[in-house]
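# Structure at a glance
Spelled out from the first residue to the last, the chains are:
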Amino acid sequence: MSDAAHRPVVLDIDSSVGPLPDGLVLPLAEWQEAIRFGCSLATMRRFRALLDAQLPARYGTVFTGSGDFHHLSWPLIARLASATPIQVVVLDNHPDNMRFPFGVHCGSWVRRVAALPFVDHVHVLGITSHDIGAGHAWENYLAPLLRGKLTYWSMGVDTDWSRRLGISRAFRGFDTPDALVDGFVEHQRTQTLPSYLTIDKDAFAPEVARTNWDQGRLQLDHALALIASLRNGLAGSDINGEVSHYRYSTWWKRRLSAMDEQPEIDPAQVAGWQAQQHALNLQLLAAIAERGG
């Protein structure tokens, strides 16, 4: 881990990430209220400028804390500004492509990434959330799906509504995690682009890692197989989904968090869940390092 290109970075906003081998920790607690769950585009521009100023020229996987910060993948990917096209591979229980009128939040950032000129395609893998079901179809941003820039890989969700809109090619449905992983691994056999990998650990079953969002069905071996399939190397990577609790002072964030039915965290369980999370982080880091990330 001494190689600067592999040195993990912690954006320490919510004090949820355990110590990592040779990790670089950027203390950013003062940003928590401003960017947790969501923020304005102006706030995100300021945070992007901070990242540009504080991140080293070369670094490895970036840990951003709770899944409430998954929208930070957008500036991390955007700052690559690669001349070579890349694919973005997202492990997540949710599409993160939902409408949000107030800027960008942890459930809306995928549309922004899909619009980046050097991003060839975005794959969101492991969705079991009904965010992509008929009842929430209107909430999904359709542009990246219509343009063929985004594919949802899901399990157990009825997405027949996509056929009526002519976008069924953007929806890959499976009965089991094994079938989903096999389908994606086969798809990657003809892929020639490097990847950016972003993992929200709510894609995992709760026995693998407890998070503060509703969770999916992936096991560790599924994630390892998905990472191994990215055989053309990694342009970058980030991980979120740590367990942390925060009481918003901003009323609209309290309201939106409640509307999203975000589960309450039992304080008595947090230490055990964080230890479980930390062990998983080390395993994911090792697998990502094998892909050059």
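To be clear, the structure that these remarks concern was listed above.
Residues numbered from 1 in each chain as written. Predicted model: local features only at pLDDT ≥ 70, side-chain atom pairs only at ≥ 80, totals over all residues. Heavy atoms only, no water.

In this section: helix α2 (residues 41–54). Its 14 residues place the ends of α2 20 Å apart at the C-alpha level, agreeing with the 20 Å of an ideal helix rising 1.5 Å per residue. All buried positions along α2 are accounted for by Thr43, Met44, Phe47, Leu50 and Leu51. An end-on view of α2 places all buried positions within 115 degrees of arc, on one side of the element. Across α2 from its buried face, at more than 90 degrees, point the exposed residues Arg45 and Ala53. If you follow the buried residues of α2, they end up packed against β1 (9–12), α1 (32–35), β3 (38–39), α3 (73–78) and β6 (104–105). (Helix = DSSP H or I, 4+ residues; strand = E, 2+ residues; numbered from the N terminus. Expected span 1.5 Å × (residues − 1). Buried < 20%, exposed > 50% of the residue type's maximum accessible area, 1.4 Å probe, protein only. Arc of directions from axis to C-beta. Contact = heavy atoms within 4.5 Å.)

The next point concerns the state of the cysteines. The final tally for this structure, using the stated rule, is zero disulfides. Note on Cys39: no disulfide assigned, nearest cysteine sulfur contributed by Cys106 at a separation of 10 Å. (Disulfide = S-S within 2.5 Å.)

Every other side chain in a regular strand lies on the same face of the sheet, so the side chains alternate between the two faces. Pairing between β1 and strand β2 (residues 24–27): four bridges, direction parallel. The residue bridging Asp12 from the neighbouring strand is Pro27, located in β2. The sheet contact formed by β1 and strand β4 (residues 62–66) spans two bridges and is parallel. Note on β4: the bridge partner recorded for Val10 is Phe63. (Pairing = 2+ DSSP bridges.)

A few words on the nonpolar core. Ranked by size, the top nonpolar core spans 47 residues in total, and within it Leu11, Phe47, Ile77, Val88, Val113, Val119 and Val122 carry the most contacts. Within the residue set of this core, elements represented by two or more residues are β1, β2, α2, α3, β5 (86–91), α4 (109–114), β7 (119–127) and β8 (150–155). Filtering out sequence-adjacent residues up to four positions away, Val113 remains in contact with Trp74, Ile77, Val88, Val119 and Val122. Membership of the second largest hydrophobic core comes to 34 residues, among which are Leu91, Leu125, Leu220 and Leu280. (Core = buried A, V, L, I, M, F, W, Y, C linked by side-chain atoms within 4.5 Å.)

Among the residues of helix α9 (residues 251–259), Lys253, Leu256 and Ser257 are the ones counted as buried. Down the axis of α9, the smallest arc covering the buried residues is 100 degrees, so these residues share one side. Facing away from the buried side of α9 by over 90 degrees, the exposed positions are Trp251, Arg255, Ala258 and Met259. Tucked into the core, α9 has its buried residues touching α1 and β3.

Our focus in this paragraph is the sheet that holds β7. Strand order in the open sheet made by the nine strands is β2-β1-β4-β11-β10-β5-β7-β8-β9, with parallel pairing throughout. With partners counted over all chains shown, the strands left at the sheet margins are β2 and β9 (171–174), one partner each. Along the sheet, successive strands turn relative to each other by an average axial angle of 15 degrees, direction set aside. On the sheet, helix α7 (residues 177–188) packs against β5, β7, β8 and β9 and is oriented at approximately 150 degrees with respect to β8. (Axes fitted to C-alpha atoms, helices over the stretch in contact; angles between N-to-C directions.)

For the coordinates displayed, the defined rule picks out eight salt bridges. When the shortest N-O distance is used, the salt bridge between Arg36 and Asp68 registers 2.8 Å. In this pair, Arg36 is assigned in the loop between α1 and β3 and Asp68 in the loop between β4 and α3, connecting sequence segments 32 residues apart. Of the two residues, Arg36 and Asp68, neither departs from the other in class, the shared state being buried. Measuring nitrogen to oxygen at the nearest pair gives 2.9 Å for the salt bridge that ties Glu186 to Arg189. Here the salt bridges do not stand alone but share partners, grouping Asp14, Arg36 and Asp68 into one network. (Salt bridge = Lys/Arg side-chain N within 4 Å of Asp/Glu carboxyl O.)

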